[in-house]
Amino acid sequence: MSADQQASTELTGAQAMVASLEKLGVEVAFGIPGGAILPAYDPIYDSKIRHILVRHEQGAGHAAEGYALSTGKIGVCIATSGPGATNLVTSLANAYMDSVPIVAITGQVNSSSIGTDAFQEADIRGITMPITKHNFLVTKAADIPQALKSAFHIASTGRPGPVLVDIAKDALAEVTKFVWPDEVDLPGYKPPRKPNQRQIKSAAKLIAEASRPVLYVGGGVVKAKAYEELARLVEITKIPVVTTLMARGSFPDSHELNLGMPGMHGTVAAVGAIQRSDLLIAIGSRFDDRVTGKLDSFAPHAKVIHADIDPAEIGKNRVADVPIVGDCKLTLRALGNLLNDMELPDISGWHHFVGNIKKQYPPKWEEEDGEILSPQQVIRRIGELSGPDTIFVSGVGQHQMWSSHFLPMEKPDKWLNSGGAGTMGYCVPAAMGAKVANPDTLVWGIDGDGCFQMTSQELVTCALNDIPIKIAIINNNVLGMVRQWQTLFYESRYSNTNLHTDRLPDFVKLAEAMGCVGLRASRSEEVDEVINQAMAINDRPVVVEFLVNKDAMVWPMVQAGTSNDDIQIARDIAPNWEEEVL
Ligand SMILES: Cc1ncc(C[n+]2csc(CCOP(=O)(O)OP(=O)(O)O)c2C)c(N)n1
């Protein structure tokens with residue numbers, strides 16, 4: 001239907017919803033129908049949008065996130081009212097914490113029944129108010145196009161995030177004249193873009209005076225796709241870089257100035273450099289407690305330049321000497337332009353210091369012998385055999401931290417994980433979304449045996465819809481990250497962390513029951529073989545179970561609530577800081 005035809009055509013609200021999504025360029029939506037949203041599923045039946053019927057709405061939300069993160073487009077998920085909508089809550093919270101642009105459409109009971117405890121009624125606007133960037137309740141068919149256009153605009157501009165559009169069933173059924181709005185009507189919503197040039201000048205001045213500067217790069221750089229601008233700034237200034245969990249891959253790990261990940265499980269080089277730095281240049285990062293440790297001892301000697309598109313982030317946890325509000329790409333470009341023409345100090349002493357710690361304390365592990373694998377070795381081999389063009393998605397726990405350290409973090413937009421919320425169950429559905437968006441790219445999910453059991457049913461969705469992802473289950477039998485804390489802080493009293501996955505489920509059989517190929521490795525000589533076998537299969541999803549040592553721990557570690565200065569490289573072992581910064 002042409003735009004003119006649509007403008008003069010009477011459509012139901014449901015048809016207007018689908019026509020709006022098509023106009024917004026939506027190609028894929030993940031969801032599950034039900035009573036309240038049912039009118040919308042009728043026009044979906046013959047629309048151009050590929051609708052993927054998931055097995056749980058949480059999966060639809062994470063799949064939309066995987067789709068969004070791996071493309072830069074907006075991910076879409078659809079659910080019915082009540083429990084359908086509340087099942088989306090975890091993924092909306094996840095997208096909110098990690099600033100992922102998704103739009104969730106939920107059916108709502110008839111407008112006249114709202115507030116009456118009608119069948120399958122939930123106040124999903126109220127419930128999701130604190131975990132969405134914005135949400136709408138639409139009760140008239142004529143308002144649907146404007147609400148959707150606005151939702152897409154809000155989700156993707158400024159600091160991205162999830163937006164929910166709740167549509168009453170009678171609005172979906174009502175007939176209206178379809179009018180596609182020329183513009184969004186959002187008075188008061190004016191996300192900043194251009195940084196203030198005066199602030200840029202002040203920042204450049206601080207950079208030109210610093211002798212121990214560190215670029216603290218966060219997920220905002222990924223959202224702004226500011227990779228070239230970051231690389232250029234590093235090229236000009238030669239400032240060492242740390243990339244947070246959300247920013248891994250935004251600057252190549254192989255670059256000599258990349259010190260790796262900061263924070264609770266960060267590298268000694270990243271943590272040590274921050275603690276000794278005299279200037280932190282925070283770009284799209286938010287001084288999260290997992291990065292700062294005990295806040296008042298974080299980077300105690302550093303002045304702070306804090307650049308972020310969200311003014312609410314600046315000064316939230318750490319006072320900024322120079323705040324810069326704006327798009328990271330424009331900020332980095334403007335800084336680069338200015339610094340390119342300035343005289344910069346010699347920081348070779350600083351390079352020498354950070355280079356030495358980096359060399360001395362690379363992330364590493366103890367090899368296992370015999371019938372059990374070392375999880376770090378498995379993850380490293382998956383990375384090596386798959387290469388840096390692979391999209392890697394992880395679950396939450398020890399395997400996530402090892403993935404961040406040992407996978408090839410060389411290219412941007414190849415690393416998806418749940419950072420802010422730490423949502424177990426993220427991996428399988430997010431990998432599904434990434435594969436739908438990138439059918440020709442190898443997509444590996446690295447999951448824990450605990451996480452996998454939360455959302456593994458989406459492998460059925462993958463098998464039925466020709467979405468051949470590969471999932472590595474790093475099976476250590478236990479809720480490893482929690483058990484690690486019990487080992488270290490609760491005298492090895494392992495209360496409720498043994499999953500008994502050595503007994504149940506049989507992951508190979510479970511994989512096969514879900515239409516996937518199931519493989520298993522328990523000896524080091526089998527590792528390459530099963531990885532290669534998995535990579536040779538492209539007509540079905542593959543699940544590979546790796547039996548790994550449950551006692552393996554994630555190091556380095558800064559104990560929660562303590563100072564970054566107390567980082568340990570193994571139990572009760574601190575790095576040797578004897579060398580002075582020159
Ligand atoms: C939904 C949810 N519930 C609980 C937690 C707390 N938690 C964090 S890591 C973890 C253990 C994860 O176990 P597993 O998937 O086996 O991964 P491992 O740490 O062993 O690699 C738990 C329970 C969480 N992050 N998310």
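Placed above this text is the structure.
Residues numbered from 1 in each chain as written. Predicted model: local features only at pLDDT ≥ 70, side-chain atom pairs only at ≥ 80, totals over all residues. Heavy atoms only, no water.

Caption draft 1: Here's a closer look at the sheet that holds strand β17 (residues 470–475). The 6 strands are arranged β15-β14-β16-β17-β19-β18 in an open sheet whose pairing can be described as parallel. Two strands close off the open sheet at either side, each with one partner strand: β15 (415–416) and β18 (517–521). Note: β17 against strand β19 (residues 542–547), 6 bridges, orientation parallel. Looking across to β19, one finds that N475 is bridged to L547. (Pairing = 2+ DSSP bridges. Helix = DSSP H or I, 4+ residues; strand = E, 2+ residues; numbered from the N terminus.)

Caption draft 2: Just the site of the ligand, in detail. Not every one of the 17 residues close to the ligand is listed here, only the nearest: Q398, H399, G422, C451 and G480. Here C451 contributes a backbone N or O atom positioned 2.7 Å from an oxygen atom of the ligand. In the environment of the ligand, an oxygen atom lies 2.9 Å from a nitrogen or oxygen atom belonging to the backbone of M481. Against a free-state accessible area of 580 Å², the protein chains account for coverage of 76% of the ligand. (Near = heavy atom within 4 Å. Polar contact = N/O pair within 3.5 Å; in protein donor to acceptor, adjacent residues only side chain to side chain. Areas by Shrake-Rupley, 256 points an atom, 1.4 Å probe, with all protein chains shown as cover.)

Caption draft 3: Broad picture of the packing of aromatic side chains. Inspection of every chain in the model, using the stated rule, returns 7 aromatic pairs. When the ring of Y216 is compared with that of F287, the centres are 5.1 Å apart and the planes differ by 85°; the resulting orientation is edge-to-face. Placement of the pair is Y216 in strand β9 (residues 213–217) and F287 in the loop between β11 (279–283) and α14 (289–292), with a sequence separation of 71 residues. Residue Y216 shares its accessibility class with F287, and that shared class is buried. Where W485 meets F489, the ring centres are 5.8 Å apart and the plane angle is 85°; that geometry is what we call edge-to-face. (Phe/Tyr/Trp six-rings, centres within 6.5 Å; stacked < 30°, edge-to-face > 60°. Buried < 20%, exposed > 50% of the residue type's maximum accessible area, 1.4 Å probe, protein only.)

Caption draft 4: Up close: the sheet that holds strand β4 (residues 75–79). If you trace the 6 strands from one edge of the open sheet to the other, you get β3-β2-β4-β5-β7-β6, paired in parallel fashion. Taken across any chain shown, the strands that pair with only one partner, and hence form the sheet edges, are β3 (50–53) and β6 (134–138). Averaged over all adjacent pairs, the angle separating strand axes in this sheet is 20°, with direction ignored. Here 2 bridges tie strand β2 (residues 28–31) to β4, and the two strands are oriented parallel to one another. Counted as the bridge partner of F30 is C77 from β4. Those strands touched by helix α4 (residues 57–71) are β2, β4 and β5 (102–108), and its axis lies near 170° from that of β4. (Axes fitted to C-alpha atoms, helices over the stretch in contact; angles between N-to-C directions. Contact = heavy atoms within 4.5 Å.)

Caption draft 5: Here's a closer look at the pairing of strand β7 (residues 163–168). For β7, the buried fraction is high: 6 of the 6 residues fall into the buried class. Residues V163, V165 and I167 point to one face of β7 and L164, D166 and A168 to the other, with burial holding for every one of them. Of the strand pairs in this sheet, β5 and β7 are connected by 6 bridges, and their pairing is parallel. Bridge pairing links I105 to V165 in β7. Sheet topology note: the β6/β7 ladder contains 5 bridges and is parallel. Bridge pairing in β7 places H134 opposite V163. The parallel pair β6 and β7, bridged by helix α8 (residues 144–156), forms a crossover whose chirality is right-handed. (Right-handed = clockwise from strand over helix to strand, strands pointing away.)

Note that all results are geometric; they support no functional claim without further evidence.
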